[in-house]
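A closer look at the structure
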Amino acid sequence: MEIFDYDNILLLPRKCRVESRSECDPSIEFGGRRFKLPVVPANMKTVLDESISEWLAANGYFYVMHRFDLDNVAYAKRMREKGLFVSISSGVKAPDYEVIDRLAADGVGADYITIDIAHGHAESVRKMIEHIKQKLPQAFVIAGNVATPEAVIDLENWGADATKVGVGPGKVCITKLKTGFGTGGWQLSALKWCARVATKPIIADGGIRHHGDIAKSVRFGATMVMIGSLFAGHEESPGQTVEVDGKLYKEYYGSASDFNKGEYKHVEGKRILEPIKGKLADTLREMQEDVQSSISYAGGTQLTDLKKVNYVILGGENAGEHLFM
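Residues numbered from 1 in each chain as written. Predicted model: local features only at pLDDT ≥ 70, side-chain atom pairs only at ≥ 80, totals over all residues. Heavy atoms only, no water.

1. Quick notes on the pairing of strand E6 (residues 112-116)
Rules: A 1.4 Å probe rolled over the protein chains alone gives each residue an accessible area, and that area as a share of the maximum for its type sets the label: buried under 20%, exposed over 50%, partly exposed in between. Here a strand is any run of E in DSSP of at least two residues, a helix any run of H or I of at least four, and the numbering for each starts at the N terminus. When DSSP finds two or more bridges between a pair of strands, those strands are recorded as paired. The crossover handedness rule: strands pointing away from the viewer, path from first strand over the helix to second strand clockwise, crossover right-handed.
The element E6 is largely enclosed, with a buried count of five among its five residues. Neither face of E6 is exposed, since Tyr112, Thr114 and Asp116 on one face and Ile113 and Ile115 on the opposite face are all buried. Two elements, strand E5 (residues 87-90) and E6, share four bridges in a ladder whose sense is parallel. The residue of E6 that forms the bridge with isoleucine 88 is isoleucine 113. Each parallel crossover has a hand, and for E5 linked through helix H3 (residues 94-105) to E6 it is right-handed.

Structure, rendered in structure tokens:
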């Protein structure tokens, strides 16, 4: 198995088939809905809040609302009242079971539920998937996070409709330093490894540093790409604004950080400052244009054409000489 990450890979162009890049369609079908892009902001407190999730849902983008300091049922009701789809996060503790029960009892339901824990290949996740499928059988269940083909196979067999791959590759995650485990430094390889056995969609979560990494993720098997740092630091972002040497930044911290937990216990995340990038809508427009360009370089007209290209692995003694189909 080759071990590589986003920085070690370049995709190889094929003959262009379009007159203009704008002819390329970067949209994706996911869970019965079509979204403008195969990207979703990370479900983190410093990346999105209720107002951002509303804007994303209303404008054709996928979102996953975080589960921190939030009444999921009240939130779901507000989204329903606005005619927007409901996509929430869940843990695996007793209060999370109560939320599922309330969503079912109140008839509010949810369109997407993401079971989101640090080590998703767990018996606790199996039990939660089973509970959701029993109480809310129409919900599209995303489960994770995982790092191995064995985990993807188990989660799919347990009933997950999609799996989230990535343990610790994010910019504010320190799992590999604290525990010695994870996909930090080889996330793209892990994605390829897991996608080979998947029969359902995979969300690549973490390690995205540039827009071109979206195309690389799709090439190696991702249906959707979850992105944290590139979506943090916008004017609308909920992180606190900080001024340093006359420049404005937004705080960005991991869900497993003490900043998010409120206590220093089982900490696997840290806090950084992201330079303010401007408006989220502008970043999404640029992402769309860049993914369209990627599709045109792939000699295609739609997102799935990215899966057909060859690639090279950079680095090592034979840098650039390894060509793979």
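2. Quick notes on the side chain of aspartate 161
Put simply, the rule reads: By the criterion applied in these results, polar contacts are pairs of N or O atoms within 3.5 Å in which, for protein atoms, one can donate a hydrogen and the other can accept it, and in which residues neighboring in sequence qualify only through two side-chain atoms. Any two residues whose heavy atoms approach within 4.5 Å at even a single point are treated as in contact.
Along the chain, aspartate 161 falls in the loop between helix H5 (149-158) and strand E8 (162-165). Within the local environment of aspartate 161, its side chain forms a polar contact with the side chain of lysine 133, the two groups lying 2.7 Å apart. Residues within four places of aspartate 161 in sequence aside, it is in contact with Lys133, Ala139, Phe140, Val141, Lys200 and Pro201.

3. Focus on unusual backbone geometry
Note that the residue after glycine 144, namely asparagine 145, is joined by a cis bond; omega there is 5°. Examined against the element boundaries, asparagine 145 turns out to sit in strand E7 (residues 140-146). Despite not being glycine, aspartate 69 has its phi angle at roughly 55°, a positive value. Position of aspartate 69 among the secondary structure elements: in the loop between helix H1 (50-58) and helix H2 (72-81).

4. Some remarks on the pattern of salt bridges
Filter applied, for reference: Any Lys or Arg side-chain nitrogen located within 4 Å of an Asp or Glu carboxyl oxygen qualifies as a salt bridge.
Going through the model one piece at a time under the given rule, you end up with 18 salt bridges. With its nearest N and O atoms 3.2 Å apart, the salt bridge here joins aspartate 116 to lysine 164. Taken together, the residues span a long stretch of sequence, with aspartate 116 in strand E6 and lysine 164 in strand E8 at a distance of 48 residues. The class of aspartate 116 is buried, set by a relative accessible area of 13%. A salt bridge links aspartate 161 to lysine 133, with the shortest nitrogen-to-oxygen separation between them at 2.7 Å. Here aspartate 161, found in the loop between H5 and E8, pairs with lysine 133, found in helix H4 (residues 123-135); they are 28 residues apart in sequence, far enough to count as distant. Judged by its relative accessible area of 26%, lysine 133 falls in the partly exposed class.

5. A few points about the nonpolar core
What counts is decided by this rule: In this text, buried Ala, Val, Leu, Ile, Met, Phe, Trp, Tyr and Cys residues form a nonpolar core when linked through side-chain atoms within 4.5 Å.
By size, the foremost hydrophobic cluster in this structure holds 92 residues, and its most contacted members are Phe30, Val39, Phe62, Tyr63, Leu103, Ile132 and Ile227. The contacts of phenylalanine 62, once residues within four sequence positions are left out, are Phe30, Phe35, Val39, Val40, Pro41, Leu56, Phe85, Ser87, Tyr112, Ile142 and Met224.

6. As for H1
Turning to H1, its buried residues are Ile52, Ser53, Glu54, Leu56 and Ala57. Buried positions along H1 lie against strand E4 (39-41), H2 and helix H10 (280-297). Backbone geometry just downstream of H1 places glycine 60 in the positive-phi region, at approximately 90°.

7. With respect to the confidence of the model for the chain
Quick note on the threshold: The score called pLDDT rates the predictor's confidence residue by residue, from a low of 0 to a high of 100.
Per-chain confidence: the chain averages 90 in pLDDT, with 91% of residues scoring 70 or above. The low-confidence segment residues 263-267, where pLDDT is below 50, has 10 contacts with residues more than four positions distant or belonging to other chains.

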